[in-house]
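Observations on the model geometry
Spelled out from the first residue to the last, the chains are:
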Amino acid sequence: MTLRYHTPLSPSEQTAFGIATPQTLALADRVRYAELDILRHVNNKSYMGWFETLRVAHFDSFCAHHFDGGPAPRLVVRNANMHFIREMVMGEDYVSTARVAAFRNTSYTLEQQLWAGDLRATLTAVMVLLDPTGSNRLPLPQSLRDQFTHSEGATSDA
């Protein structure tokens, strides 16, 4: 399979890469030399960077337009739990995926996975929306809540 890097992958492309359940967003890339540590496997900070890139792409692609005409929210990570499953090495192709699993009034839980032939790492992050000043939480618009439910299969924890 020829992967398209840095471009959202279709459900069929995700399945062809070995992802059993296609996710809302999936991006492919390849491990670079600069992402390795002294043991010649991927440095832990690289995983965090890959997941951050995907979180931003997910928000920009699926969430940001729900705030058109209103204040653009500040999106912050309240907490994140990463699970390293198996190391990655130079030159491996990988696909990182993201989907919203649950939401509350002002936050949502984003589940992320990293695949390279098999599952290599996961990250679950609670994302909180703040007003532009960062001093108050910003409620999720109903249109975004509906999208999370209908397009991503998320459940309301409110």
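Here the structure is shown first, and the text comes after it.
Our subject in this report is the structure included herewith. Note that this is a predicted model, so its numbers are computed, not measured. Residues take numbers from 1 onward in each chain, read along the sequence in its written order. Residue-level local features of this predicted model are given only where pLDDT is at least 70; pairs of side-chain atoms are given and counted only at 80 or more, and the full residue set underlies all totals for whole chains, interfaces and linings. As a convention, hydrogens and water are excluded, and side-chain values are obtained from all of the structure's heavy atoms.

1. Observations concerning the side chain of Thr106
Every helix listed is a DSSP run of H or I at least four residues long, and every strand listed is a run of E at least two residues long, numbered separately from the N terminus. Counting through the fold element by element, Thr106 comes out in the loop between β3 (93-103) and β4 (107-115). N or O atoms within 3.5 Å of each other form a polar contact, as long as, within protein, one can give a hydrogen and the other can take it, and as long as residues adjacent in sequence are counted only when both atoms are side-chain atoms. Within the structure, Thr106 has its side chain in polar contact with the side chain of Arg137 (distance 3.1 Å). In contact with Thr106, other than residues within four places in its own chain, are Met127, Val128, Leu129, Arg137, Leu138, Pro139 and Leu140. Note on definitions: a residue-residue contact is assigned when non-hydrogen atoms from the two residues lie within 4.5 Å.

2. Considerations on the packing of aromatic side chains
Two rings belonging to Phe, Tyr or Trp (six-membered ring only in the last case) form a pair when the distance between their centres is within 6.5 Å. Interplanar angles under 30 degrees mark stacking, angles over 60 mark edge-to-face geometry, and anything in between is tilted. Overall, the coordinates contain six aromatic pairs when judged by the stated rule. The interplanar angle of 45 degrees and the centroid separation of 5.9 Å between the aromatic rings of Phe103 and Phe148 together place this pair among those described as tilted. One end of the pair, Phe103, is in strand β3; the other, Phe148, is in helix α3 (residues 142-152), with 45 residues separating them in the sequence. For every residue, the accessible area (1.4 Å probe, protein chains only) is compared with the maximum for its type, and the residue is labelled buried under 20%, exposed over 50%, or partly exposed between those bounds. For Phe103, a relative accessible area of 3% puts it in the buried group. Ring centres 5.1 Å apart and planes at 50 degrees place the aromatic pair Tyr108 and Phe148 in the tilted group.

3. Examining helix α2 (residues 44-63)
Its 20 residues place the ends of α2 28 Å apart at the C-alpha level, agreeing with the 28 Å of an ideal helix rising 1.5 Å per residue. All of the buried residues along α2 are Ser46, Tyr47, Trp50, Phe51, Leu54, Arg55, His58, Phe59 and Cys63. On its buried face, α2 is in contact with β1 (25-30), β2 (74-84), β3, β4, β5 (119-130) and α3. Capping of α2 at its N-terminal end is provided by Asn43; its side-chain oxygen lies 2.9 Å from the backbone amide nitrogen of Lys45. A helix is expected to span 1.5 Å multiplied by its residue count minus one.

4. A few points about the packing of α2 against α3
For helices, the axis comes from a line fit to the C-alpha atoms of the stretch in contact; other axes are also lines fit to C-alpha atoms, and the angle between any two N-to-C directions lies between 0 and 180 degrees. As a packed pair, α2 and α3 sit with axes 12 Å apart at the nearest point and diverge in direction by 105 degrees. As far as their axial angle goes, α3 and α2 are roughly perpendicular. Note on element contacts: α3 touches α2 through Leu144, Gln147, Phe148 and Glu152, opposite His58, Phe62 and Cys63. Residue polarity follows a fixed list, in which Ala, Val, Leu, Ile, Met, Phe, Trp, Tyr, Cys and Pro are nonpolar, Asp, Glu, Lys and Arg are charged, and the others, Gly among them, are polar. Among the residues making up the contact of α2 with α3, the classes are represented as four nonpolar, two polar and one charged. Orientation labels follow simple angle bins: below 35 degrees gives roughly parallel, above 145 gives roughly antiparallel, 65 to 115 gives roughly perpendicular, and whatever is left gives oblique.

5. Details of the pattern of salt bridges
What counts as a salt bridge is simple: a side-chain nitrogen of Lys or Arg found within 4 Å of a carboxyl oxygen of Asp or Glu. A full pass over the atoms with the stated rule returns eight salt bridges. Arg30 is the salt-bridge partner of Asp93, the closest N and O atoms lying 2.9 Å from each other. In this pair, Asp93 sits in strand β3 while Arg30 sits in strand β1, placing the two residues 63 residues apart along the sequence. What makes Asp93 partly exposed here is its relative accessible area of 24%. Two residues, Glu52 and Arg55, come together in a salt bridge whose shortest N-O distance is 2.2 Å. Here Glu52 pairs with Arg55, and both are found in helix α2, just three residues apart, close to one helical turn. Residue classification places Glu52 among the partly exposed residues on the basis of a relative accessible area of 35%. Using a relative accessible area of 7% as the deciding quantity, one classes Arg55 as buried. Counted as one network, the salt bridges with shared partners bring together Arg86, Glu92, Asp118 and Arg120.

6. Some details on the side chain of Ser96
Mapped onto the secondary structure, Ser96 falls in strand β3. For Ser96, a relative accessible area of 4% gives the class buried.

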